[in-house]
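# Structural overview
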Amino acid sequence: MVIDYSTQLHYVLALLPETVLSVWAMLVLLLDVFQKGERSEASSPGIAWITLLGVLLAAAANLWLLTLREASPAGVIAIDSFRVFSNFLFLLAAALFVLISTRYLEQEHLRLGEIYVLVLLATVGMMIFAGSRDLMVIFLGLELMSVPVYVLTGVNRRSARSAEGALKYFLLGAFSSAFFLFGIAMIYGGTRSTNLTLIAAAIGVDGLGANALVKIGMALLAVGFGFKVAAVPFHMWTPDAYEGAPAPITGFMAAGVKAAAFAAFLRVFLTAFPGLWETWGAMVFWLAILTMVGANLIALVEPNVKRMLAYSSISHAGYLLVALAAASAVGAASFLFYLVVYTLMTMGAFAVLLAVAGPGEEWLDVESYAGLGWRNPMLGVVMTVFLLSLAGFPFTGGFIGKVFILRAAVEKGFVVLAVVLVLASLVSYWYYLRVAWYMWFREATADSPTVPAVPLGLRIALVAAAAAVVLLGVFPGAFLSLAERSAASLMQAPSSVIGLLH
Amino acid sequence: MHSFEPTLPWLIVLLPLLGFALNGLAAFVAPTRKALPALVAPAAVGLAFVIAVVNFLAMRAAPPLAPVIVQGYSWMPVGSLQIDAALQLDQLSMLMTLIVTGVGFLIHVYSVGYMGADPGFARYMAYINLFIFFMLVLVLGSSFPVMFVGWEGVGLCSYLLIGFWFTEKANADAGKKAFIVNRIGDFGFLVAMFMIFANLGALDFATVFAAAPGAFPYAGAVVTTITLFLFLGATGKSAQIPLYIWLPDAMAGPTPVSALIHAATMVTAGVYMVARTSTLFALAPLSMTVVAGIGALTALFAATIGLAQYDIKKVLAYSTVSQLGYMFIGVGVGAFSAGIFHLMTHAFFKALLFLGSGAVIHAMHGALHHTHSKWDAQDMRNMGGLRKHLPITWVVMWIGTLAIAGVWPFAGFFSKDEIIWQAAARAVGPFHTWFTVYWVMALVAAMLTAFYMTRLMIMTFHGVSRLPEAEQQHLHEAPAVMWVPLAILAALSVVGGWFNIPEEIKRIPVLGWLPGGPWVHEWLQPVTRTADAIFGAQVGALSEASPLGGGEVAWAVISFAIAVAVIAIAASMVLRWQYRPALESPEPAGLKRLLWRKWYVDEIYDVLVVRPLVGASRWLWRWVDDAVIDGSVNGLASGSRGLGWLSSRLQTGQLNTYAFAVVVGVILLLAFVVL
């Protein structure tokens, strides 16, 4: 059916996955409260499976979106394959979170049902953030995503680190949101619109319609996005927040939140500012270089694996910025492909970290991984796959993703960016494989942690994620085409609309 | 005449992968059971060799003029660039496949004997099966990305095997060193690959080499840059100056690994890559001069270090570095088939020498183990007179030595001397004076080779035994599973050179009375013909006469005479030197010390490269990460809570620092749009 937002129903239909997930979040909250009763007992583990069911329902609703057609490419909620693709990605991150977290929450005596509620709401926020075409709604999505994540970062109230990370994240997040909002105001002042498509039309394909207000507004939006994707120099909260947050939530932040911010970044800049690419392309170019170089150098000497993964996630933001800077169909496709691989390998690595870290996350040092491969081959093998993929080793999804990004950069003539990317990822081999080195080439000592048996749900999630990473490396064809088609829906929008409006 | 149809080409690649899967499973499930890996691993490679031979015979019956592409599936199908997982079967890849699977099979069999008692046997067999798989991907891949998959894969296996006995820190460190140095090489490969893509819009060999002569002007800047980056990749993988430093340390791995990966196959990948991209190199005379120059320098430099080493494997390691240098001289002067031919004979005789040294170490280790002696089983100063105890090893290692020293009719005589002769004949065309210098360097290195190899043989097998009587009783010749592969490699080291006897030599009395002919040269003709044509048109035909006059005929006689003379002199000198066991020997002094300490290159690298880099990273880490964050966490632990805590947090400056960084970023981004 065709959606033209003539009735309220159209909004509900266009936002069906978000609606399903929001309603489900309320349901989970109520269930949890009733189940606990007045004695405020711990939540039942069954709550996790109910949450997972909601994610699956939302995924089905998301698939159904493909049957809809939009009347105008300027509609406030985008109904295109880019949105469907990125929604699946967020739901994947949420599902992986649920599978990973059950074990952790028991281990830390944090059996709180509201954690799942918050994750569901944050996921709704991500979907709105990346799926809307109006800056005001995008801001709404941003905040709906961020506020639950601030809470989640500090959810372990017994941990001082957790509280500190949450506070820093919240204060700096608020700071950057202000910039974001200010940017929206500027752009509205410059173009009289908050709709991405209309902004693009006002600016024009050659960028001549942009005044100083629009340009400054665009830079301020980039600050907001730069903060959420943790690009250098807006990254400083990341190691603290990532280290402080409970490991499953760190994984969710590193994968889901970052993916959402990137998807929104891509949509806003490709839809609203294609005419100003000369300006923001150069901006993103330098952000990418700073991010890749800075993050990789620091990760090189970081002995704490959780912080190393935090810097790793920053460096991957740098690679994704390269794809963004290219601003082409291939760039957008490589971007989507990389986001999927990135989500799988990052959440996978955090899940293994969680299993090793033990109660209170005591075992975060690289030394803790000594001999892990021989003591627990399943964890060792999947972690090795994730690390190799993060480093960009051939036969993994990470390699294909990087080749693909490099290609987009080279096609746009960003040879310097390509060279820096290659150098950065070669440096990254060192710190990723250092962990693998400990797992296989060091004997466990008396101090090494004993890794308890991995629960079935987590085992399934890990093996499936590792298998997917390898499959995306060996047989990426079908998936690459899917990413290409999804990205295409984003690329053709502005030009056709500009013709339509004038 | 029917055309060449490949037979089961994918099985060649997939059989070793299957072997890896089975052995890898065995390593986890039943690491103590050794029957399965002992059978499966050699069988997988042996079967691959059989299929390769079948294909080779079919190809010989109907030599294809253009490479035969075997499509697998579409690997990266995006936009205009389609990268397929496909194999390319042509004369070059076929020859490489035969070497990899053939020599690989022999070394697998030998490993069953050598590693049989090791608790990690299944793991070891899984790794070398995986290595063969990646090596085959490297040589059979039909595009740069597929080749890169193999390129990285063999590197990974190499690190895994260098660090195989990881309980010793030195071994783990050697693996890391190989790893880091190879990253620099990989950088070159990747940059070259993307420059090729940026200029030609394709990455498969067929399209690139067809388009290159039209797209790149002769001696143009772009093609020169591309080939120099490619060569940077080659110096990493093939251990050339300045990136050779990892290979000698890589000897920490098990000896069959040194033979398979660090002598016969993986380290020659760089030579293969230059030969594979010969069309590009032929267009870049400057790059060719650099390739040959680095090769000549490495050949000479490594040979000098080999003169003064006491560890038997270190001598062979530097010898390998030196011989790889010869191969690069070969491909650098434009004699691509000569370089590949030396790659082939070197695979025979160097695998033989390494496996032979493995038999020596195996015997020494066993004997020393029996008496719980702390002596070093690899130090030649602890050996001497071993020929009485290891007669078979002694004979085959002499064959290897004569082959590498270039004595007629052994393999090295034909391959190495062709390279030296070709360097001399390149007295025309751009940069030709340089090539005369290279020729002299190669000649000196050849003499040094004969010297250090004779020294190795005399110190190990001849003279009086420096091993105490108690240990001597426990010295045993290697079992059949080890010496039979040695014997086969010895036979190949004798006849291997006859596969490429130039017509001129065939005409010499006595020296030319051998079966064989210029087969390798003719066999590779379809692969190198584009490069040969460019080379012929731009440089002109190589001058037929060597600087000594008389052409190849006189040269063959002279080089033979030199090799024999050096061996004789070296033998008489080394026999007279009085060696003492390692623990009683004083440290070498003077020039000998300089060579023994390898010209102090490792130390120089440490000061100039390693320390500054680690220092900078640590500084950055401390400045950004460590000082700021750990301070705050510790401050938190001191017990403040609530609002007071909040304000104290705000006042310590950390959040201010973060916010300040954000503001700096804002200003930077605004600068972009305003300026």
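Residues numbered from 1 in each chain as written. Chains lettered and ligands numbered in written order. Predicted model: local features only at pLDDT ≥ 70, side-chain atom pairs only at ≥ 80, totals over all residues. Heavy atoms only, no water.

### Some points on the overall build of chain B
The secondary structure content of chain B amounts to 27 helices and two strands. Based on the C-alpha atoms only, the size of chain B along its principal axes is roughly 100 × 70 × 55 Å. Going through the 675 residues of chain B one by one, you find that 61% of them count as buried. Taking the intrachain contacts of chain B between residues at least 6 apart in sequence as the baseline, contacts between residues at least 24 apart amount to 80%. Working note: accessible area of chain B is about 23,700 Å², and carbon and sulfur atoms make up 70% of it. On chain B, the mean spot of the 35 positive side-chain charges and the mean spot of the 32 negative ones are 7 Å from each other. (Helix = DSSP H or I, 4+ residues; strand = E, 2+ residues; numbered from the N terminus. Buried < 20%, exposed > 50% of the residue type's maximum accessible area, 1.4 Å probe, protein only. Contact = heavy atoms within 4.5 Å. Areas by Shrake-Rupley, 256 points an atom, 1.4 Å probe, with all protein chains shown as cover. Lys, Arg positive; Asp, Glu negative; His and termini not counted. Charge placed at Lys NZ, Arg CZ, Asp CG, Glu CD.)

### Quick word on the confidence of the model for chain B
Residues and elements named next belong to chain B. Looking at chain B as a whole, the pLDDT averages 86, with 93% of positions reaching at least 70. Averaged over each element, pLDDT in chain B is lowest for helix α26 (residues 642-651) (42) and highest for helix α11 (residues 269-276) (96). The low-confidence segment residues 626-653, where pLDDT is below 50, has 34 contacts with residues more than four positions distant or belonging to other chains. Listed scores for the predicted complex are pTM 0.89 and ipTM 0.84. (pLDDT = per-residue confidence, 0-100.)

### Some thoughts on the pairing of strand β1 (residues 68-78) of chain B
All names here are of chain B. Pairing geometry for β1 and strand β2 (residues 81-89), over nine bridges, is antiparallel. Note that in β2 the partner of V78 across the bridge is L81. Where β1 folds back on β2, the antiparallel hairpin that results is connected by two residues, among which G79 adopts a positive phi of roughly 55°. (Pairing = 2+ DSSP bridges.)

### So, the side chain of B:K314
If you trace the backbone, B:K314 turns up in helix α14 (residues 312-332). Ignoring any residue separated from it by four or fewer positions in sequence, one finds B:K314 in contact with B:P248, B:D249, B:Q309 and B:K598.

### A look at the domain arrangement of chain B
Entries for chain B in the domain assignment read domain 1 (364-588) and domain 2 (597-630). Each of domain 1 of chain B and domain 2 of chain B has a C-alpha centre, and the two are 41 Å apart. (Domains from an automatic or database assignment.)

### Side note on the interface of chain B and chain A
In this complex, chain B contributes 63 residues to the contact, which on the side of chain A involves 72 residues. Taken together, the connections running from chain B to chain A amount to zero salt bridges. If you look at where chain B meets chain A, you find four residue pairs in polar contact (both at pLDDT 80 or more). For the side of chain B that touches chain A, the secondary structure elements donating two or more residues are β1, α4 (121-140), α5 (144-162), α6 (169-200), α25 (601-637), α26 and α27 (654-674) of chain B. The biggest single contributor to the side of chain B that touches chain A is α27(B), with 14 residues. In terms of residue class, the side of chain B that touches chain A is made up of 45 nonpolar, eleven polar and seven charged. (Salt bridge = Lys/Arg side-chain N within 4 Å of Asp/Glu carboxyl O. Polar contact = N/O pair within 3.5 Å; in protein donor to acceptor, adjacent residues only side chain to side chain. Nonpolar A, V, L, I, M, F, W, Y, C, P; charged D, E, K, R; others polar.)

### Quick notes on the environment of B:H108
All names here are of chain B. Counting through the fold element by element, H108 comes out in helix α3 (residues 91-114). For the pair H108 and A44, spaced 64 residues apart in sequence, the C-alpha separation works out to 9.9 Å. Dropping the residues within four chain positions of it, H108 is found in contact with A41, P42, V45, M125, I128, N129 and I132.

### With respect to unusual backbone geometry
Most of the time, phi is negative for any residue but glycine, and the peptide bond is trans. Here the bond from A:V232 into A:P233 is cis, since omega is 10°, no more than 30 degrees from zero. Residue position: A:P233 is located in the loop between α9 (212-228) and α10 (237-244). In this model, B:W408 is joined to B:P409 through a cis peptide bond whose omega is 0°. Following the sequence through the fold, B:P409 ends up in the loop between α16 (391-405) and α17 (411-425). Phi at A:F395 is positive, roughly 80°, even though this residue is not glycine. Position of A:F395 among the secondary structure elements: in the loop between α16 (377-391) and α17 (397-411).

### Details of the packing of helix α13 (residues 305-326) of chain A against helix α18 (residues 415-441) of chain A
Residue and element names in this part refer to chain A. With their axes 11 Å apart at the nearest point, α13 and α18 run at an angle of 160° to one another. Here α13 is positioned roughly antiparallel relative to α18, judged by the angle of their axes. Seen from above, α13 lies across α18 with left-handed handedness. Taken together, the residues of α18 that come into contact with α13 (itself represented by V305, M308, S312, S315, H316, Y319, V322 and A325) are L417, L421, A424, S425, S428, Y431, Y432 and V435. Considering only residue class, the contact of α13 with α18 consists of eleven nonpolar, five polar and no charged. (Axes fitted to C-alpha atoms, helices over the stretch in contact; angles between N-to-C directions. Parallel < 35°, antiparallel > 145°, perpendicular 65-115°, else oblique. Left-handed = near helix turned anticlockwise from the far one by under 90°.)

### Remarks on the nonpolar core
Within soluble globular proteins, side chains that are nonpolar tend to cluster in buried spots. In terms of nonpolar packing, the biggest core is built from 430 residues, with A:M253, A:F269, A:F273, A:W280, A:Y369, A:F386 and B:F144 touching the most fellow members. At 23 residues, the largest contribution of residues to this core is made by helix α14 (residues 329-357) of chain A. Sequence-distant contacts of A:F269, that is, excluding residues within four places in its chain, are made with A:M218, A:L221, A:A222, A:F225, A:P274 and A:W280. Core analysis: the second largest hydrophobic core is formed by 22 residues, B:A296, B:V333, B:A335 and B:I420 among them. (Core = buried A, V, L, I, M, F, W, Y, C linked by side-chain atoms within 4.5 Å.)

### Description of the pattern of salt bridges
Pairing is possible between side chains of opposite charge, provided their charged atoms come close. Residue and element names in this part refer to chain A. Scanning the model with the defined rule gives 21 salt bridges over all chains in all. Its salt-bridge partner being E243, residue R307 comes within 2.5 Å of it at the nearest N-O pair. Residue R307 is found in helix α13, and its partner E243 is found in helix α10; the two are separated by 64 residues along the sequence. Summarising the burial analysis for this pair, R307 and E243 share the class buried. Shared partners join several salt bridges into a network, and the residues in it are R161, E164, K168, D240, E243, E302 and R307.

### Things to note about the side chain of B:T279
On the secondary structure map, B:T279 appears in helix α12 (residues 278-282). With residues up to four places along the chain from it excluded, the contact list for B:T279 reads B:F209, B:P213, B:T530, B:A531 and B:I534.

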